[in-house]
Each structure stands twice: as structure tokens, then as C-alpha cells.
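What the coordinates show
One-letter residues, chain by chain:
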Amino acid sequence: MRPSTHFPPVTLAPDATAADRAAAAAFGVPEAATRDPAAWQLVRSGRSLALCGPAGPDAVVVALDLAQGPLSRRLRQARRDDLLPRAVGLQKRPSPPFVFDATLGLGRDAMTLAHLGCRVVAYERAPAFACLVQATIAGTWLARSLEVRGGDAVAALRELPPDERPDVVLLDPMFETHGAAQVKKEAQACRALAGPPDDPAGLFAAARAAARERVVVKRDAKAPPLAPGPSFAVDGERVRFDVYLAPPR
């Protein structure tokens, strides 16, 4: 995939692993000859690949580590009755649903659902995020259930053949997240690298047309619904999942 001109340039720093380089090639992230602290780069440090912003007092560093830290702990503690699994209907089904994540971002929700047994196809239009998530899951148990794709999720949803329609479409248009300093830094990276926001009406309409069972929209707990008329909501302290059930066909 060629790098998109809609995003600030991000390169893969030297000392990358073979999995890092394969992910970079797949999503159009060029390899750099040197580590450049003044630029956005994906940098390998031990077990994890990190997205590093330009150096400075408020420099952004976002790392995904499956072996230790917050992501590892989240996956170890994930349960079918947590907010997100409840919103996708996981606890009420005899088998896990097929989920289309239209807004992958840093991939934690997609990884959680894959860890709990869902088949997940996830789209991300920012090459750096797609590369980071793919390199993180490469060679792990998550790669068996989570497929990362780059490109326009709206077009992909509209072009799905009938036999490839997902049970659930997950949308997370949240870049206004508030909370801990690290969460704010990650939101800053999302705003910097994700480009102009999707047309929410077009994204939601494509999701409604494609989902067999439901569309799940992640929102700030105090934000209004993305679209009117959710069937119900699964409420948490900081986030809320609005669920739009598909009408009978």
C-alpha cells in the first residue's frame, strides 16, 4: 500500500524486527536510515514497537506491549460481561460474533474482542496505526482472530458481498478522550496522524447497511449519541456504548 498524502510522514526507525518491516511494507510506512528524534517514527524498543512524536517537553510516545503493562493487563482481565463484550452481544451468543471494526486506532478494543474469541476484521486509514497494531500482534495468538487492513472503511463496508457481512460493526469516533496524561497523549497522536475526521453520517449509514445484527458506537459518557435512536446503551464511568440493533430482514 502506498503511503497516504493525508497524514504527516511517519517512518520506521532502524533496528526494526522482520515483523516490523513486514507490517511497514504492507501499510506503506517507509523505512528510515537513521533514528530522527525530530520526526514521527515507529521505534523498536525491546518487546514493543512505539510510535514516537517529535522530541520536546510534551513528546508523544505510544507503545503497545502484549507481555506487560496496561494492554497486557487489560487482556488478562477481559471478561465476557465487560462493557464492550456486552455491547457486541458476546455474552448472549452460543458462539462469538464476527466484528468489523471500522475505526481501529490503536487497536485495544479490537484486540480485546479477538482475545475473547471474536473474529475481527479491522480497518485503519492512518498507516502508522495499522503498522503499529499489525507489528504488535504478529506471531501471537491474536493474529489468528484479528486481521488488520488499511484503507477506507466506508468504501469497504459498502462493497462487502452479502456473504461477508459482519454480525457487528464497531465505531469509535472518539478523539476527544479525557483522563490520564498518557490517554491525552494518545489522543494527541490520534488527532495528529488520523487526518480529517470521517463524515460521521456516511460512516454510520454504511455501518447500518452492512451489519447483520447491530452497530456499536463508542462514545464519551457525556457525549450525545452519534445518531438518533439507539436501541439501548451500555454505560460506564467514562465511556458509553450505544447499540443500534438491525431491523428484522
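Refer to the structure above for everything that follows.
Now for a description of the structure that goes with this document. (Residues numbered from 1 in each chain as written. Predicted model: local features only at pLDDT ≥ 70, side-chain atom pairs only at ≥ 80, totals over all residues. Heavy atoms only, no water.)

**A look at the packing of helix 2 (residues 70-77) against helix 4 (residues 108-115)**
Direction vectors running N to C along helix 2 and helix 4 enclose 35 degrees, while the axes themselves pass 9 Å from each other. Helix-helix and strand crossings are classified by hand; for helix 2 and helix 4 the assignment is right-handed. Where helix 2 abuts helix 4, its residues L71, R74 and L75 lie against R108, D109, M111, T112 and H115. The class makeup of the residues in the contact of helix 2 with helix 4 is 3 nonpolar, 2 polar and 3 charged. (Axes fitted to C-alpha atoms, helices over the stretch in contact; angles between N-to-C directions. Helix = DSSP H or I, 4+ residues; strand = E, 2+ residues; numbered from the N terminus. Left-handed = near helix turned anticlockwise from the far one by under 90°. Contact = heavy atoms within 4.5 Å. Nonpolar A, V, L, I, M, F, W, Y, C, P; charged D, E, K, R; others polar.)

**Some thoughts on the sheet that holds strand 1 (residues 10-12)**
In spatial order, the strands read 1-2-3-4; together these 4 strands make up an open sheet with mixed pairing. Two strands close off the open sheet at either side, each with one partner strand: strand 1 and strand 4 (61-64). Across the sheet, the mean angle from the axis of one strand to that of its neighbour is 25 degrees, orientation sign disregarded. Where strand 3 (residues 48-52) and strand 4 come together, 4 bridges link them in antiparallel fashion. (Pairing = 2+ DSSP bridges.)

**As for the pattern of salt bridges**
In total, this model carries 7 salt bridges according to the counting rule given. Ionic pairing is found between D20 and R44, a salt bridge with its closest N-O pair at 2.6 Å. Highlighted residues: D20 in helix 1 (residues 18-27) and R44 in strand 2 (residues 40-45), separated in sequence by 24 residues. Each member of the pair, D20 together with R44, is buried. For E147, the salt bridge is made with R149, and the minimal N-O distance between the two is 2.9 Å. Taking the relative accessible area as the measure of exposure, E147 reaches 36% and is therefore partly exposed. Owing to a relative accessible area of 27%, R149 belongs among the partly exposed residues under this scheme. (Salt bridge = Lys/Arg side-chain N within 4 Å of Asp/Glu carboxyl O. Buried < 20%, exposed > 50% of the residue type's maximum accessible area, 1.4 Å probe, protein only.)

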